[in-house]
Amino acid sequence: MISPATRDEIKNQMDIVDVVGDFVTLKKSGSSYMALSPFIAVKTPSFYVFPSKQIFKDFSSGKGGDCITFVMEIDGLSYLEALKYLAKKYGIEIKEEERTDEQQEAQNKRESLYILLNYAKDFFVEKLHKSEEGRNIGLTYFKERGFTDETIQKFELGYSIDEWDGLIKASGENGYNPELLEEAGLVVTGENKTYDRFRSRVMFPIHNITGKTIAFGARTLSKDKKQPKYLNSPETELYHKSKVLYGLFQSKQAIRKEDNCFLVEGYTDVISMHQSGVENVVSS
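All figures in this text were calculated on a predicted structure; none of them were measured in a lab. (Residues numbered from 1 in each chain as written. Predicted model: local features only at pLDDT ≥ 70, side-chain atom pairs only at ≥ 80, totals over all residues. Heavy atoms only, no water.)

A. Up close: the side chain of D58. Here D58 lies in strand β4 (residues 55-58). Of the side chains with opposite charge, K63 comes closest to the buried, unpaired D58, at an N-O distance of 7.4 Å. Reaching out from D58, the side chain makes a polar contact with the side chain of S37 at a distance of 2.7 Å. At a separation of 3.3 Å, a polar atom in the side chain of D58 contacts the side chain of S46. Other than its neighbours up to four places away in sequence, D58 contacts S37, F39, S46, F47 and K63. (Helix = DSSP H or I, 4+ residues; strand = E, 2+ residues; numbered from the N terminus. Buried < 20%, exposed > 50% of the residue type's maximum accessible area, 1.4 Å probe, protein only. Lys, Arg positive; Asp, Glu negative; His and termini not counted. Salt bridge = Lys/Arg side-chain N within 4 Å of Asp/Glu carboxyl O. Polar contact = N/O pair within 3.5 Å; in protein donor to acceptor, adjacent residues only side chain to side chain. Contact = heavy atoms within 4.5 Å.)

B. Here's a closer look at the packing of aromatic side chains. Applying the stated rule across the entire model yields 23 aromatic pairs. Here F39 and F56 contribute two aromatic rings whose centre-to-centre distance is 6.3 Å and whose plane-to-plane angle is 40°, an arrangement assigned as tilted. Of the two residues, F39 sits in the loop between β2 (32-35) and β3 (47-50) while F56 sits in strand β4, which places them 17 residues apart along the sequence. There is no split in this pair, since F39 and F56 are both buried. (Phe/Tyr/Trp six-rings, centres within 6.5 Å; stacked < 30°, edge-to-face > 60°.)

C. Fine view of the pairing of β4. Alternating residues of β4 divide into F56 and D58, all buried, and I55 and K57, none buried. Relative to β4, β3 is paired through 4 bridges, and the arrangement is antiparallel. Directly across from F50, in β4, lies its bridge partner I55. One ladder, built from 2 bridges, connects β4 with strand β5 (residues 64-65); its direction is antiparallel. When the sheet's bridge partners are listed, K57 is paired in β5 with G64. Turn length for the β4-β5 hairpin, with the two strands adjacent in sequence and antiparallel, is 5 residues, and the turn residue G62 shows positive phi of about 85°. (Pairing = 2+ DSSP bridges.)

All we've got here are geometric facts, nothing functional implied.
What follows is the structure, given as structure tokens:
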């Protein structure tokens, strides 16, 4: 666990307006700040930040608290993960003390899921650029959509090859826990076998607000009508569909700058608008 001295240093340096401002467009209102709720859809401002008390209160959802609470709520982080995020933001060296076995196990599992999902993202990116199938099918599709190399890299687009166990084999060879593959939503376990969830599809990594890969959207390019056009990750410990907007990580700076956000239909709509110079855009 993070030492009390480190926790105190984080709390002494964190500023509620600065922290919330990384995620929400705030407008000054007297001695406080207000905004639309970042937690639920509303048409009028109901979210308030009080610098003098270093707290926020959202009257629409009922949520409230300090910087740590806000980071936990906005990105689904644990208390420890929120502290680490704030420590990194303010350049504070983390000093830890021993955790209980239960705390260590829970933290290790979440970190392992993040690591595994990042590995899967890199695996799909590599297949897009270095496999013949990926280049001929996936990269050709992205190029036909007009996506530049810079855009493909920005959104970390990839490709899943047409194999039942390509990711299973590769992750196993690299020492990843096979049980975590299912918990991360990367494989499906049937009655007789376990196989890759994503096969022969272009891959759209879904990021949380801090840029970590937490899930995937996948589009088939096959004309087989028996296959769903889009296949998405199931809900997991890290991924809750109703709390995530695609492209928010890449768009958050522009949204704050423009004080406006466009909601479009799908992944490629977000990416196309970014490439056209309109970056304050997300999709559900």
